[in-house]
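Secondary and tertiary structure notes
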Amino acid sequence: MNVIRAIQMYIDKMITDAGPGMKLLMMDRETISIVSMAFAQSEMLQKEVFLFERLDSVRSNEKLKYLKCIVFVRPTKDNIFMLQQELQCPKFGSYYIYFSNIIPRTDIKILAESDEGESVQDFKEVYADYLPVNPNLFSLHIPSCLQALSWNPEALERSTQGLVSVLLSFKFRPAIRYRAGSTAAQTLAKKVHETINKETALFSFRPPEDGAAPPLLLILDRRDDPITPLLNQWTYQAMVHELLTINKQRVDLLRVTGVPKDLKEVVLSTEQDEFYANNLYANFGEIATTIKVLMDEFQKKANDQRKIESIADMKNFVETYPQFRKMSGTVTKHLVLISELSVQVGQQQLFEVSELEQEIACRADHSTQLQRVKRLVSEGKISSANALRLVLLYAMRYERHANCDTSGLLKMLHDRGGRSHIVPRMLEYISTVARQELFNTVKITDAVKLTRNLIKELKGVENVYAQHECVLKGTLEEVIKGRPLDAQYPIMGNEVPFRRPPAEVIVFIVGGATYEEALAVHRYNQEGHRIVLGGTTIHNSESFIEEVLAATVGVPFKHSRSLQQFHHAPAGTA
Amino acid sequence: MNCKRVSVHAVNDTMANPFDMHEQESAPSGAFLLPTDSEILEGFLCPICKCDLRTPERLTVHVEHEHSEEQDLLKSLKEIFSIARQGILKGKKRSAAGGPGGPEGTEPSPPRTFGAESGVAIGSAGTANNPLLQPGASQPIGCTCEHMAYFKAVRSPRLERYAAETNKLIIRLDKLLDGLPTEPDQKKRHEQSKVPWIDGKLVKLCPTCAKSFGITRRQHHCRVCGSVMCDSCSRFLTLEEAGRLVNPTVISPTAASAALDGSDTQAAAPPPNESNHFRVCEHCMRLLMVRMEMQDWKRERPLLRQYYEALGRERVGIEPHIGMYRRILESLYEGDVIYRLSDVSTLREKIGRSAEKMDSVSKSLQALPTAPGSREEALKKAIRLGCISYIKEQMLSIPPLPVEEEIKRIQARKRAETERRLERERRLALEAFERLELQAGETADRQTGSSSSSSTASTAEMTNGRYGAAVSTMDNWSGTQTHGPAGGTTSDPLIDQINIVKGYIRQARAALRFDEVATLERNLSELTQEFYYRQRLDTDTKQSEAP
């Protein structure tokens, strides 16, 4: 179960099906990202795909009849219309059309009727309709999926399609479970279930042998775990995303000073960058050591190369040039990234902030924590974004504490120009489940959790910056161990629920997944489980706060009535 | 070893006699020959790093961790173990019933090793076969859904209708062109006689632009379908184009440019007179132009495409050579003598030349004139880029030539090693032979003996094939054997054979067919060994005759 491999195989198939010869790949806004996350352009060149164009911004009417045109687009109305136009006066010799999802029959008819030049050679649906981020992580790149805390219809449609395509690309006909209490998760589960039942021909896969449980599609809601995206991260990928933002494998380094010209934007791909693939989940300390080793190795090689005494040596150097170049590129890229990370860690005092964040997330100690938050927020040494995060965490954690002083903190935050209006919005965003269970305020019923916490307390803390465990981790444990799920995660439809744990699990988080959760999934996969995580997007704290703001526009203030003075953004700020 | 003999046999038909003897005599002793040889490792060996892991579980885990890239290996390993396990379990039951099987010997026999471990194996069989524990297992391609059949079902009737209509128009064009007068009045009469024109009185409005006809807007007839339209809605087909449509095999020099511009230029520059054009309606023009485009496309071979095809041919031609180059280098570094250093350097030169050629072809492809900012220009650049990276990554990055002394050193070491090994084998063989005599009475262990003999024979065969050229393994036997009848004269067909093979090798080398070289070299080494062996026999017999 590797989402990157799944997409790569689809794209490979498209290209090989078109046969040998010069090829052009015609894509749309979304599929171009899908392709670029699976293959580098140089790899495509070796597959004889030389030109890349967008169906919606065609370069010219120039005709190149000796080119084969591979069309890979989503089945939207706009794309059908544009493709119809294209087929009516074809610019290329032959067309191989691949839709990234289920296409209505009427649309096929429209296109067939437009193909007067008999130029269409192939017409298929391939289900590569999601962005493969890591082998175990996919995204649909929907930055904001809720409006007034219920689904934005377009986002719902796109999420349904995305999930259906993930299922088809793994040939799964799953049992679908959703988080009880979350209408968003339930709606999506229902939609996916409906599609599966409608497209019975597509989903007619052989059921698993000897009555094993079918794969599980588990739909969760970000509103149930608003803590995870707010914490500072210390593993490489998560850290880069938190501090520098990874956008579809690309990191923009324009703002960073002292970066070489050719590294203003770097690509982080597990497929093309071995160092990155190996250190995705390494923590900050480890990675510093690793880069040192890499540097030494590189320097050794560079020194070897410097000993150029004869022409033969020089030739040798040139002959090993590609690898040399590749290696030097990797070293510099990661060196730049890591040094920038450590600059940020120092400047923002992230060690101190992160420790307090973890404390608030994992331990109940109101008065000490309040004092520490107060000190950090008022001192002004930390950035206002970090101050906001501390206040957010505090406000959620101690919302019902007798001595809760959120308004006092908000005042301090407001005074130093922080975006204090976000806090009430966050309190409206989080779900009832999060309120009741997130900080496991000793519910006697939940004995398992209680003992687990006790054990944790006894064992002490290994790493103060990584105490927090995302909710997903516990959820997955219950799934894997085959504990009864029906109460918290009811099954969609009237299928008989299987008691045995499923062999494959696809988790989808409405409202965005995080790299911390990807790490949790990775750890389970290392133990031999087969889990893939997906989300409407991949969040860092910044993008998550934006999503919360977008989702709570026009929502009446119920839980944060006492914070009325902070309900609106100060004039001049967004 | 038996297989080896047979192959020599085939090459050398005339010399059957001594080998038959040889074979019969060596077979029984061969059965006990090699099991204790320290060169042949036993146990649960990792096929990659050759270390003994002692239990199948540890081996599986080891392969999973250390050689995770070798997925098929892991799979086959697991299969073997599960098959072996079943076999052993059955075997155990049977042997338990029938008493202990096989005498106690010093040499460990593989079945017993498996048997000893089977108890452990059963307990953990579940985890070893658990599909969950194979995270990297190859993943099948996802679902796809084919719509081409439906697409064609919708498209075909439409296309057929268009095709029929177009064909009708082309037949009419043919009739029109046949004996077409140049004088305008006569031309018009000729046109009208071939195609029935619609009665103009019945048409009040131009069917295309819906404007009424009158003195200023006169009626015109389409020369191919006979319908009526106004002047501004008329299109014009040049006689030359008409000729091409009727007879597509005739290639006119302007064909390519006309096809590129399409009908746009026709509309933009209306003809000054009607003598060299046919007036046609828009509908007919479109059908005819679509047909013409298709015809042109089939014939069209622009320079860019020709260059690109040349590049592709070059690449297809050189790819096997690159692989061969790497293989030869590997074999050289292993100390084999099948290939020579000169072979790799010729091959390297060829790859270098091919790289240069690809470079120059792609350069001239890039130099083709194209409009700036056009799709074709981008295409040119991309092809060149792809070509450069291919040359860099595939052709220039091949490992450098080895130094001659180094190769010689490696070969010398290899030779020494082989000799040592042979020495040891000979000693062991002798020991085994002695043991055989000791155990002459106990023939009980027939089964174990034959199974190990077949495995050792194949090992010997393998090592022979690999290092065969260095020293003749068959010599070993000469000591323990009685000599067969001598069968060689000076006008030896063997020498002829050797010379012929040498000639073939020269030819294959010259043609850079190194796979053939390798096979022939192996044949040659077998032949020469055979030759030396027989020489020795000769001298032996001479010596024995002499006193």
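For chain B, the name recorded in an unreviewed UniProt entry is FYVE-type domain-containing protein, with Anopheles epiroticus as its organism.

For chain A, the name recorded in an unreviewed UniProt entry is Vacuolar protein sorting-associated protein 45, with Anopheles epiroticus as its organism. Regarding chain A, the UniProt comment filed under Sequence similarities (unreviewed entry) reads as follows: "Belongs to the STXBP/unc-18/SEC1 family." You can read under Subcellular location (unreviewed entry) in the UniProt record for chain A the words "Endomembrane system".

Looking now at the side chain of glutamine 411 of chain B. All names here are of chain B. Within the secondary structure, glutamine 411 sits in helix α15 (residues 404-438). By relative accessible area, glutamine 411 is classed as buried at 15%. For glutamine 411, the contacting residues outside a window of four places in its chain are Leu332, Gly335, Asp336 and Val337.

On to the pattern of salt bridges, then. Counted according to the given criterion, the structure contains 53 salt bridges over all chains. Arginine 375 of chain A is the partner of glutamate 379 of chain A in a salt bridge, and the nearest nitrogen-oxygen pair spans 3.6 Å. In this pair, glutamate 379 of chain A and arginine 375 of chain A are both assigned in helix α14 (residues 366-379), four residues apart and thus about one turn of the helix distant. In this structure, arginine 435 of chain A and glutamate 399 of chain A form a salt bridge, with 2.9 Å as the shortest nitrogen-oxygen distance. Here the residue arginine 435 of chain A occupies a position in helix α18 (residues 432-437), and glutamate 399 of chain A occupies one in the loop between α15 (384-397) and α16 (406-415), the gap between them amounting to 36 residues. Here arginine 435 of chain A matches glutamate 399 of chain A in class, with each residue buried. Here the salt bridges do not stand alone but share partners, grouping Lys13, Asp17, Asp122 and Lys124 of chain A together with Glu146 of chain B into one network.

A few words now on the packing of helix α12 (residues 303-333) of chain B against helix α13 (residues 341-366) of chain B. Residues and elements named next belong to chain B. Relative to each other, α12 and α13 sit at 160°, their axes nearing to 9 Å. By the angle class used here, α12 and α13 are roughly antiparallel. For the pair α12 and α13, the crossing hand works out as left-handed. For the contact of α12 with α13, the per-class residue count stands at 19 nonpolar, four polar and five charged.

Right, let's talk about helix α8 (residues 236-244) of chain A for a bit. Residues and elements named next belong to chain A. With nine of its nine residues buried, α8 lies for the most part within the structure. All of the buried residues in α8 are Tyr236, Gln237, Ala238, Met239, Val240, His241, Glu242, Leu243 and Leu244. The positive-phi residue at the C-terminal boundary of α8 is threonine 245, with phi of around 70°.

By definition, the strands of a sheet pair up through backbone hydrogen bonds, in either a parallel or an antiparallel sense. All names here are of chain A. Strands sit in the order β12-β13-β14 across an open sheet of three strands; the sheet is antiparallel. One side of each edge strand has no neighbouring strand; the edge strands of this open sheet are β12 (246-247) and β14 (265-267). In the sheet, strand β13 (residues 250-252) pairs with β14 via three bridges, with the strands oriented antiparallel. Looking across to β14, one finds that arginine 250 is bridged to valine 267.

Residues and elements named next belong to chain A. In terms of domain boundaries, chain A breaks down into domain 1 (3-127), domain 2 (133-225 + 470-539) and domain 3 (236-348). On a C-alpha basis, the centres of domain 1 and domain 2 stand 30 Å from each other. The partner domain 2 presents 18 residues to the 12 residues of domain 1 that form the contact. It is Val3, Ile102 and Tyr127 that lose the most area in domain 1 upon contact with domain 2, and together they represent 48% of the buried surface on that side. If you look at where domain 1 meets domain 2, you find one salt bridge. A salt bridge links glutamate 30 to arginine 158, with the nearest nitrogen and oxygen atoms 2.9 Å apart.

Glancing now at the interface of chain B and chain A. Residue-level contacts link 48 residues of chain B with 64 residues of chain A. Of all residues in chain B, Gln139, Cys143 and Arg375 of chain B give up the largest surface area on contact with chain A, accounting jointly for 17% of the area buried on that side. Between chain B and chain A we count six salt bridges in total. The residue lysine 63 of chain A makes a salt bridge to glutamate 293 of chain B at a minimum N-O spacing of 3.2 Å. For the pair chain B and chain A, the number of links is 21 residue pairs in polar contact (both at pLDDT 80 or more). Residue assignment for the side of chain B that touches chain A shows that the elements contributing at least two residues are β1 (144-146), α6 (148-177), α11 (282-299), α12 and α14 (375-395) of chain B. By residue class, the composition of the side of chain B that touches chain A is 26 nonpolar, nine polar and 13 charged. The pairing of strand β5 (residues 120-126) of chain A with β1 of chain B spans three bridges and is antiparallel. Bridging across to β1 of chain B, lysine 124 of chain A finds its partner in glutamate 146 of chain B.

Residue and element names in this part refer to chain A. Going through the model one piece at a time under the given rule, you end up with eight cavities of 30 Å³ or more. The space that makes up the largest cavity amounts to roughly 110 Å³. Considering each element in turn, the lining of the largest cavity owes the most residues, three residues, to helix α20 (residues 471-480). Classifying every residue of the lining of the largest cavity gives five nonpolar, one polar and six charged.

All right, on to the domain arrangement of chain B then. Quite often, the size of an interface is put as the accessible area lost when its parts meet. Residue and element names in this part refer to chain B. Each domain of chain B was delimited in the assignment, giving domain 1 (156-249 + 274-299), domain 2 (303-402) and domain 3 (492-541). Taking only C-alpha atoms into account, the centre of domain 2 sits 35 Å from that of domain 3. The interface of domain 2 with domain 3 comprises 11 residues on the first partner and eight residues on the second. Surface buried jointly by domain 2 and domain 3 totals about 820 Å² across both partners, of which 64% is contributed by carbon and sulfur atoms. Counting across the interface, domain 2 meets domain 3 through two salt bridges. The partner of arginine 509 in a salt bridge is aspartate 343, and the shortest N-O contact between them spans 2.4 Å. Counting across the interface, domain 2 meets domain 3 through one residue pair in polar contact (both at pLDDT 80 or more). When residues of the side of domain 2 that touches domain 3 are traced back to their parent elements, those giving at least two are α12 and α13.

About the criteria used
Along each chain, numbering runs from 1 in the same order as the chain's sequence is written. As they are written, the chains are lettered A onward and the ligands numbered 1 onward, keeping that order. Only residues with pLDDT of 70 or above have their local features reported here, since the model is predicted, and side-chain atom pairs are shown and tallied only from 80 upward, although totals for entire chains, interfaces and linings are computed over all residues. To obtain the side-chain values, all non-hydrogen atoms of the structure were used and water was disregarded. UniProt positions are given in the numbering used here, feature names are shortened, and annotations may be inferred rather than shown by experiment. Numbering of helices and strands runs from the N terminus; a helix is a DSSP stretch of H or I covering at least four residues, while a strand is a stretch of E covering at least two. Burial classification: accessible surface area is computed with a 1.4 Å probe over protein chains only, and a residue below 20% of its type maximum counts as buried, one above 50% as exposed, and the rest as partly exposed. The contact definition used throughout considers only heavy atoms, calling two residues in contact when any of these lie within 4.5 Å. Each salt bridge in this description consists of a side-chain nitrogen of Lys or Arg and a carboxyl oxygen of Asp or Glu lying within 4 Å of one another. Each axis is a line fitted through C-alpha atoms, taken for helices only over the stretch in contact, and angles between the N-to-C directions span 0 to 180 degrees. Oblique is the label for every angle not falling under 35 degrees (roughly parallel), over 145 degrees (roughly antiparallel), or within 65 to 115 degrees (roughly perpendicular). Rotating anticlockwise by less than a right angle from the far helix to the near helix defines a left-handed crossing, while the corresponding clockwise rotation defines a right-handed one. All amino acids are sorted into three groups, where Ala, Val, Leu, Ile, Met, Phe, Trp, Tyr, Cys and Pro are nonpolar, Asp, Glu, Lys and Arg are charged, and the leftover types, Gly among them, are polar. Note: two strands are recorded as paired if DSSP finds a minimum of 2 bridges between them. Note that domain bounds follow an automatic or database assignment of domains. Accessible-area loss on putting two parts together, using a 1.4 Å probe and summing over both, is the definition of buried area adopted here. Polar contact is defined as a pair of N or O atoms within 3.5 Å, subject to the rule that within protein one atom must be able to donate a hydrogen and the other to accept it, and that residues adjacent in sequence are counted only when both atoms are side-chain atoms. Any residue with an atom within 4 Å of a point lines the site, the site being either a cavity, points on a 1 Å grid over the protein atoms alone where a 1.4 Å probe fits but cannot get out, or a pocket, an open set with protein on both sides within 12 Å along at least 5 of 7 lines. Grid points are joined across faces, edges and corners, and a volume is the space filled by probe spheres set on the points.

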